[in-house]
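# Summary of structural features
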Amino acid sequence: MEFPHFEAVPLAGAAVLPPVLFRREILARVDAGWRMLALFGLPCPGGVGLCCLLGRDADGRLAFLRQVPAESYPSLTPDCPQAHLFEREVHEQWGIIPEGHPWLKPVRFTGCPARPEEPRPAPGVTDHFQLRGEEAHEVAVGPVHAGIIEPGHFRFQCFGEDVYHLEISLGFQHRGIEARLIGGPDKRTVHFMETLAGDTTIGHGLAHAALVEALTKTAVPARGRAIARIALELERLANHTGDLGAMAGDVGYQPTMAFCGRIRGDFLNLTGLVCGNRFGRGLVRPGGVAFDLDKPTIRELLSRLELTRRAAFGAAELLFLSSTTLARFEGTGRVSAETAREIGLVGPPARACGLPRDARHAFPLPGAGPKDIPMQLHDFGGVYARALVRRLEMEASLDFIHDALIGLPEGPVRHAPESGLPSGMVAVGLTEGWRGEICHVAVTGDDGRFAAYKVVDPSFHNWFGLAVALRGQQISDFPLCNKSFNLSYCGHDL
Amino acid sequence: MLNILLERLRQGKRTVAFPAAMPPLSPRFRGLPVLAESPCAEGCASCAGACPTGALGADEDGLYLDLGRCILCGTCADACPGRRISFSRDHRLASSTRDGLVLRPGGRQPHVAPLEPARLKLFAKSLRLRQVSAGGCNACEADTNVLTTIVFDLGRFGIDFVASPRHADGVAVTGPVTRNMLAATVGTFAAVPDPRVGIAIGTCAISGGLFAGSPETTGGATPHLPVDLYIPGCPPHPLTILDGLLRLLGQQTPPPAA
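Residues numbered from 1 in each chain as written. Chains lettered and ligands numbered in written order. Predicted model: local features only at pLDDT ≥ 70, side-chain atom pairs only at ≥ 80, totals over all residues. Heavy atoms only, no water.

Our working definition: UniProt positions are given in the numbering used here, feature names are shortened, and annotations may be inferred rather than shown by experiment.
You'll find chain B entered in an unreviewed UniProt entry as Ni,Fe-hydrogenase III small subunit, with Solidesulfovibrio magneticus str. Maddingley MBC34 given as the organism. In its Cofactor (unreviewed entry) section, the UniProt entry covering chain B states "[4Fe-4S] cluster".

Going by what an unreviewed UniProt entry lists, chain A is known as Ni,Fe-hydrogenase III large subunit and is assigned to Solidesulfovibrio magneticus str. Maddingley MBC34.

## Description of empty space enclosed by the protein
A probe matching the size of a water molecule, rolled over the atoms, marks out where space remains unfilled. Applicable threshold: The way it works is a 1 Å grid over only the protein atoms, where trapped points that fit a 1.4 Å probe form a cavity and open points with protein on both sides within 12 Å along at least five of seven lines form a pocket, and then any residue with an atom within 4 Å of a point lines it. Grid points are joined across faces, edges and corners, and a volume is the space filled by probe spheres set on the points. A run of H or I in DSSP becomes a helix once it reaches four residues, and a run of E becomes a strand once it reaches two; helices and strands are each numbered from the N terminus. Each residue is assigned to one of three groups, with Ala, Val, Leu, Ile, Met, Phe, Trp, Tyr, Cys and Pro labelled nonpolar, Asp, Glu, Lys and Arg labelled charged, and all others, Gly among them, labelled polar.
In total, this model carries eight cavities of 30 Å³ or more according to the counting rule given. The volume enclosed by the largest cavity comes to roughly 260 Å³. The wall of the largest cavity is formed by 24 residues, among which Asn277 of chain A together with Ile71, Leu72, Cys234 and Pro235 of chain B lie closest to the centre. Ranked by residue count, the leading element in the lining of the largest cavity is helix 4 (residues 189–195) of chain A, at three residues. Here the lining of the largest cavity is composed, by residue class, of 10 nonpolar, eight polar and six charged. Estimated volume of the second largest cavity: approximately 110 Å³. Every residue lining the second largest cavity is counted, 14 residues in all, and those nearest its centre are Arg229, Leu232, Arg360, Pro364 and Leu365 of chain A.

## Observations regarding helix 7 (residues 254–275) of chain A
Filter applied, for reference: Every helix has an expected span of 1.5 Å times one less than the residues it contains. Exposed residues in this analysis have more than 50% of their type's maximum accessible area, buried residues have under 20%, and partly exposed residues fall in between, with area computed by a 1.4 Å probe over protein chains only.
The end-to-end C-alpha separation of helix 7 of chain A is 32 Å, in line with the 32 Å expected for 22 residues at 1.5 Å each. The element helix 7 of chain A is extensively covered by neighbouring structure, given that 18 of its 22 residues are classed as buried.

## A closer look at the pairing of strand 6 (residues 127–133) of chain B
All names here are of chain B. What counts, and what does not: In this analysis, strands are considered paired if DSSP registers two or more bridges between them.
The buried count for strand 6 comes to six of seven residues, which makes it a mostly enclosed element. Summarising the sheet, strand 6 and strand 7 (residues 159–161) pair through three bridges and their orientation is parallel. For arginine 128, the partnering residue across the bridge sits in strand 7 and is aspartate 160.

## Comments concerning the pattern of salt bridges
Residue and element names in this part refer to chain A. Selection criterion: Here, a salt bridge means any Lys or Arg side-chain nitrogen found within 4 Å of an Asp or Glu carboxyl oxygen.
Under the criterion given, the structure shown has 43 salt bridges over all chains. Notably, a salt bridge pairs aspartate 250 with lysine 483, separated by 3.0 Å at the nearest N-O pair. Taken as a pair, aspartate 250 in helix 6 (residues 222–250) and lysine 483 in helix 15 (residues 478–485) lie far apart in primary sequence, 233 residues in all. Between glutamate 395 and arginine 391 there is a salt bridge; the shortest N-O distance is 2.9 Å. On the criterion of helical spacing, the pair formed by glutamate 395 and arginine 391 is a turn pair, its members being four residues apart in helix 13 (residues 383–406). Classification of glutamate 395 as partly exposed rests on a relative accessible area of 32%. Among the charged side chains, a salt-bridge network with shared partners connects Glu233, Arg236, Arg351, Asp358, Arg360, Glu393 and Glu432.

## Describing the environment of phenylalanine 259 of chain A
Keep this limit in mind: Contact criterion: two residues are considered in contact whenever any of their non-hydrogen atoms come within 4.5 Å of each other.
With respect to the secondary-structure elements, phenylalanine 259 of chain A resides in helix 7. Separated by 52 residues in the primary sequence, phenylalanine 259 of chain A and alanine 311 of chain A place their C-alpha atoms 7.9 Å from one another. Setting aside anything within four residues of it in sequence, one finds phenylalanine 259 of chain A in contact with Ala315 and Leu318 of chain A together with Glu7, Arg8 and Gln11 of chain B.

## Observations regarding the domain arrangement of chain A
All names here are of chain A. Where we set the bar: In this document the domain limits rely on a domain assignment from an automatic tool or a database. Once two parts are joined, some of their accessible surface, as seen by a 1.4 Å probe, is lost; buried area is that loss totalled over both. Contacts described as polar in this section are N or O atom pairs within 3.5 Å, which, within protein, must combine one atom able to donate a hydrogen with one able to accept it, while residues neighboring in sequence count only if both atoms come from side chains.
Its domain assignment divides chain A into domain 1 (2–99) and domain 2 (177–493). Placing a centre on the C-alpha atoms of domain 1 and another on those of domain 2 gives a separation of 26 Å. Contact residues are listed per partner, giving 32 residues for domain 1 and 35 residues for domain 2. Both sides together, the interface formed by domain 1 and domain 2 hides about 2700 Å², and carbon and sulfur atoms give 71% of it. Its largest share of buried area at the contact with domain 2, domain 1 owes to His5, Phe6 and Arg35, together 26% of the area lost on that side. Our enumeration of links across domain 1 and domain 2 arrives at two salt bridges. Here glutamate 89 ties to lysine 454 by a salt bridge, and the two come within 3.1 Å at their closest N and O atoms. Our enumeration of links across domain 1 and domain 2 arrives at seven residue pairs in polar contact (both at pLDDT 80 or more).

This is the structure:
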């Protein structure tokens, strides 16, 4: 079943395919340039059926495929590596076995509710890749890291200083959010959205809003949409600035690190000016935004934006003019475009490999022009490219916010959706958060409540990219490579 | 080199004057909730019904708001037909007791008492903390981390975050302490030599916050380690955290700007 973004479609419209056809259809579409946006289990009569959402960047089409409930099916991963983590996730959540999957390790160490007789694994305790040999050694890090960072466990298989493989084992942050969205929406739903990944409050909030608006056929007032998009770009600016500073810090370049630490806060304070919370809590709601901007606030935003632009670009210029910094950035942590395509990278790491993937272009929100924020691409694929793409995106975001504030349409900021959702529908919300594409998919049950709500944070696609980027690198470059991806632990663990 | 110095001049001195003066907060900042003393309409439970985290309610002493469960979303202020609930711009939310977070109409504000003399003597001039994120959404983490930037310059107060619990005087927990982080959280605290301090940063770490009741979380740090300082918020503003830390060490902090 194909449909455009921002249109809810009846679940009954998707044919329920036998495993062989389901697999063939997915592989054929991936061969034709579609990407796997989500793969999840949907409880239905007779068991749990797999659902797959695919998207095509060229024209923003979506495809929703269903498989008959089955205890096992032929794994997609050997022919479609971007499915590898989704299949592990479905296996952990529902006990459905993808036959032929290379290694069905736990994703979040929750145990499988469908197999209660099996004990819940201890977090991080599983078989890992191992390198054997006289001079091979293993470095294990985490879950508690050295800084103020979320928890995760990393295992480096090293030969001397060189990393042959990095294995990333997560799940420590699992809060069980998806399970608690079932039966919603309720009074906690929007707050869960804002804390799926707290540094992406606007991104996830907007994806959820788009999904509910599609379900309820709510037309968002232009002014509300514009304010939400301004907040989305402010979120990108704050985090991209922080990332440039952190990358500078990881190669010991203090000036940019110190400046960016402060400038990041200046961008957060602009979001605070809009809605009272530096992370944008309470701003985006289905149907628009909860806060309007008056003329003095717009003037203050514009003047502070200009000051912050100068400070941010000054700090970034130092970074990109420093030969010692560039020597560390260039050629480090490379991912080829071919690998990025295979494993399904999204966001700045994909664009740094030259892949034109940006949900603002492929799946623009209604009322948002696909061309009003230019896409930034680079093709070196390494730390340097990921830094440069961020720097260029900051410029694009600043220009967009400036123009949006000056040309803010008149009118209301929110048209609250009617309460109650239609039953038996599928809807999708897609936005480009600062880390990359955020995908929310919901299926409503006969009672008009969420029967399934799948959240795919860009980190879910990209963590494996970090593991690949580290192959053949020195272990001392891990912090730098890690910051150049800066992925979310809780967004992955949910 | 010259370009670095020139840029340094352009960037200017950016450290806030706090605690000598109070930096401006957003006019829309939602700080300490205020409960008016006017009576509730009979049988009205609009606020409790609207609150996403069950922070509001009424008992035999009347209306209360538990700041340890509140995420300061402001929903109750709009839901109350009598407009009894409002949010001030007071950033001082921290408390040294869990009970002190329960607000009543006309009641006491949250209060931070300095550490008792034995620990105060040890830590007043140098406090090293190990931060543990245990299900935090990276907002509390980010606004704790920002204290180490040039804006707040935490080091000037003798406070710093260190990499090892063996080097630390205490642990600052963020997040609702997920089942999968419980062992690591408790283990990290155990690795800090006594005497030590425990700090819960953010509503999740105090009570589980939005995630309280989820089988995958365990009610924050409060059930698992002795907490000396509770800092509510979702996330707490950096100044809310700094204010709490400084008062715990016996320092004076400024009231909110008028």
